[in-house]
Amino acid sequence: MSAKIRLQRHGSKKRPFYFIVIADARAPRDGKFIQKLGTYNPLTVPATIQLDRQKALEWLSKGATPTDTVRRILSFKGVLYLKHLLRGVGLGLFDDATAMEKFTKWSAEHEAQIKKRQEDAYRQKRSRRPMGRRPESRPQQSEGGDQG
């Protein structure tokens, strides 16, 4: 049995929302899965990704193959980088503490980048918004001015 890490679609028409799951390669896209690793919402700016790094790393080490989109998600969240660092530890290139130090440094820089992207997207959205007038209160009609 070959396991794949892939997306399982949920959400309504034109409003996708995905679960990141481990599934048998022969199972249908939205069918039976082995374990749920997280969620992915592409509609937010930037996309919202909730992922259990430890479970993903464990399944990668067991030999599960991610699909192209999931590979990009894992790379974005740092799972593939962590796997790379742990392989270096296994080969004896550096110790575990150094690997974790490198990962935390990368993670902090990455979080700063994400925060900057969110702020830029928010600023762009605000600048595109029309600067219309606020609705003014309507002038009072005179009480004796009924026409009829």
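Residues numbered from 1 in each chain as written. Predicted model: local features only at pLDDT ≥ 70, side-chain atom pairs only at ≥ 80, totals over all residues. Heavy atoms only, no water.

Asker: Just checking my understanding: could you explain unusual backbone geometry for this structure?
Answerer: Trans peptide bonds make up most of the peptide bonds, and negative phi angles are found at most residues other than glycine. For Lys14, which is not a glycine, the phi torsion comes out positive at approximately 65 degrees. Looking at the element boundaries, Lys14 is found in the loop between strand S1 (3-10) and strand S2 (17-24). Residue classification places Lys14 among the exposed positions, given a relative accessible area of 70%. (Helix = DSSP H or I, 4+ residues; strand = E, 2+ residues; numbered from the N terminus. Buried < 20%, exposed > 50% of the residue type's maximum accessible area, 1.4 Å probe, protein only.)

Asker: Can you walk me through the packing of aromatic side chains in this structure?
Answerer: One pair of aromatic rings is described through two measures. These are the centre distance and the angle between the planes. Here the structure, examined in full by the defined rule, presents four aromatic pairs. Judged by centre distance (6.1 Å) and plane angle (80 degrees), the rings of Phe17 and Phe19 are edge-to-face. Residue class for Phe17 comes out partly exposed when judged on its relative accessible area of 27%. Centre to centre, the rings of Tyr81 and Trp106 are 5.8 Å apart; their planes meet at 40 degrees, and the pair counts as tilted. Placement of Tyr81 in helix H3 (residues 79-91) and of Trp106 in helix H4 (residues 96-128) is noted, with a sequence separation of 25 residues between them. Grouping aromatic residues by their ring pairs yields a cluster made of Tyr81, Phe103 and Trp106. (Phe/Tyr/Trp six-rings, centres within 6.5 Å; stacked < 30°, edge-to-face > 60°.)

Asker: Before we go on, may I ask you to explain H3 in this structure?
Answerer: In an α-helix there are 3.6 residues to a turn, and that puts residues three or four apart on one side. A rise of 1.5 Å per residue sets the reference length of H3, with its 13 residues, at 18 Å; its end C-alpha atoms lie 18 Å apart and thus fit the reference within 8%. Taken together, the buried positions of H3 are Val79, Leu82, Leu85 and Gly88. Check the buried side of H3 and you find it contacts strand S4 (48-51), helix H1 (53-62), helix H2 (68-77) and H4. Following H3 by one or two positions, Gly92 adopts a phi angle in the positive range, close to 85 degrees. (Expected span 1.5 Å × (residues − 1). Contact = heavy atoms within 4.5 Å.)

Asker: Any chance you could explain the nonpolar core here in plain terms?
Answerer: In summary, soluble globular proteins display a tendency toward joint burial of nonpolar side chains. In this structure, Ile5, Ile20, Leu37 and Leu74 are the most contacted members of the largest nonpolar core, which totals 23 residues. At the level of secondary structure, the elements contributing two or more residues to this core comprise S1, S2, strand S3 (35-41), S4, H1, H2, H3 and H4. Tallying contributions element by element places H1 first for this core, with four residues. (Core = buried A, V, L, I, M, F, W, Y, C linked by side-chain atoms within 4.5 Å.)

Asker: Teacher, can you tell me more about the pairing of S4 here?
Answerer: Every other side chain in a regular strand lies on the same face of the sheet, so the side chains alternate between the two faces. Side chains Ile49 and Leu51 project from S4 onto a buried face, and the interleaved Thr48 and Gln50 project onto a face without burial. Where S3 meets S4, four bridges bridge the pair, whose relative direction is antiparallel. From the neighbouring strand, Asn41 faces S4, where its bridge partner is Thr48. Between S3 and the antiparallel strand that follows it, S4, lie six residues. (Pairing = 2+ DSSP bridges.)

Asker: What's the story with the packing of H3 against H4 in this structure? I'm lost.
Answerer: Two quantities define a packed helix pair, namely the angle between the axes and the distance from one axis to the other. Viewed as axis vectors pointing N to C, H3 and H4 meet at an angle of 160 degrees, and their least axial separation amounts to 9 Å. Judged by the inter-axis angle, H3 sits roughly antiparallel to H4. Here H3 and H4 pass one another in a crossing that is right-handed. Residues Tyr81, Leu82, Leu85, Leu86 and Val89 of H3 form the contact with H4, whose participating residues are Asp96, Ala99, Met100, Lys102, Phe103 and Trp106. Partitioning the contact of H3 with H4 into residue classes produces nine nonpolar, no polar and two charged. (Axes fitted to C-alpha atoms, helices over the stretch in contact; angles between N-to-C directions. Parallel < 35°, antiparallel > 145°, perpendicular 65-115°, else oblique. Left-handed = near helix turned anticlockwise from the far one by under 90°. Nonpolar A, V, L, I, M, F, W, Y, C, P; charged D, E, K, R; others polar.)

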